[in-house]
Amino acid sequence: MKQYVIFNVGDYSFGVDILEIVEIIKPNKIVKVPSMPQYVEGIIDVRGTSVPVYNLAKRLEIESKAETQKIIIVELSKFQLGFLVDDVSEILKIEDDKIEKANESIRGIKRKFIDSIARVGDDMIIILDLKNVLTIEEEEQISDMLTDKNQ
């Protein structure tokens, strides 16, 4: 059994293993960065550290429905990254037998980001693999941007 942070983007419920999350914050001032993909909102300052913020709705190519949002901060291999989501709803313990690997029939959301599907009561929660949200090139681009910003 693992604990997952459950959040919403558009009409979808997503989950991420709680161990992958550093913190959840309300968005503060997001500074735009030129020449970044449209799904990169910019960077924020989190206690003296520059953290890039990805708009998860734009990255997954789904429509956001939120007026207020949250940023989920995760630790990747080289840096922290924030994901802008519509809302964080709860922390759930989900038993392993309620989770199944995502099959190829899933459409509508970028498949490479999906790790598995959890069935909780009548609901289905898409468990994301945040390590796959960035390509190697994007990781290098962000790393370069953060290096330039901190010099």
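- Labelled according to an unreviewed UniProt entry, the protein appears under the name CheW protein, originating from Caldicellulosiruptor kronotskyensis.

1. Overview of the sheet that holds strand β4 (residues 40-46)
Reasoning step 1: The sheet built from 5 strands is open, its strands ordered β3-β6-β7-β5-β4 with mixed pairing. Every interior strand has two partners, whereas the edge strands, β3 (21-25) and β4, have only one. Across the sheet, the axes of successive neighbouring strands diverge by a mean angle of 30°, strand direction being ignored.
Reasoning step 2: By the bridge criterion, 6 bridges tie strand β6 (residues 70-75) to strand β7 (residues 80-85) in an arrangement that is antiparallel. Bridge assignment links glutamate 75 to a residue of β7, and that residue is glutamine 80.

2. Notes on the pairing of β6
Reasoning step 1: Here β3 runs beside β6; their pairing, made up of 4 bridges, is antiparallel. Paired with glutamate 23 across the two strands is isoleucine 73, which belongs to β6.
Reasoning step 2: The turn joining β6 and β7, which pair antiparallel and follow one another in sequence, is formed by 4 residues.

3. Describing the nonpolar core
Reasoning step 1: Counting 34 residues, the largest nonpolar core has Phe7, Tyr54, Leu81, Leu128 and Ile142 as the members making the most contacts within it.
Reasoning step 2: With sequence-adjacent residues up to four places away left out, leucine 128 is seen in contact with Phe7, Phe14, Gly15, Val16, Leu56, Phe113 and Asp115.
Reasoning step 3: Among the nonpolar cores identified, the runner-up in size contains 8 residues, and Val46, Val51, Val53 and Leu84 belong to it.

4. Regarding the packing of aromatic side chains
Reasoning step 1: All chains considered together, the criterion is met by 4 aromatic pairs.
Reasoning step 2: Ring geometry for phenylalanine 7 versus phenylalanine 14: centroids 5.8 Å apart, planes at 25°, classification stacked.
Reasoning step 3: A residue is classified by how much of its surface remains accessible, and phenylalanine 7, at 1% relative accessible area, is buried.
Reasoning step 4: When the ring of tyrosine 54 is compared with that of phenylalanine 83, the centres are 6.2 Å apart and the planes differ by 70°; the resulting orientation is edge-to-face. Taken together, the residues span a long stretch of sequence, with tyrosine 54 in strand β5 (residues 49-55) and phenylalanine 83 in strand β7 at a distance of 29 residues. Side by side, tyrosine 54 and phenylalanine 83 carry an identical accessibility label, which is buried.
Reasoning step 5: By way of ring pairs, the aromatic residues Phe7, Tyr12 and Phe14 are connected into one cluster.
Reasoning step 6: Over the ring of tyrosine 39 we find arginine 59; its NZ or CZ atom is 4.3 Å from the centre of that ring.

Parameters at a glance
- Residues numbered from 1 in each chain as written.
- Predicted model: local features only at pLDDT ≥ 70, side-chain atom pairs only at ≥ 80, totals over all residues.
- Heavy atoms only, no water.
- Pairing = 2+ DSSP bridges.
- Helix = DSSP H or I, 4+ residues; strand = E, 2+ residues; numbered from the N terminus.
- Axes fitted to C-alpha atoms, helices over the stretch in contact; angles between N-to-C directions.
- Core = buried A, V, L, I, M, F, W, Y, C linked by side-chain atoms within 4.5 Å.
- Buried < 20%, exposed > 50% of the residue type's maximum accessible area, 1.4 Å probe, protein only.
- Contact = heavy atoms within 4.5 Å.
- Phe/Tyr/Trp six-rings, centres within 6.5 Å; stacked < 30°, edge-to-face > 60°.
- Lys NZ or Arg CZ within 6 Å of the ring centre and 35° of its normal.

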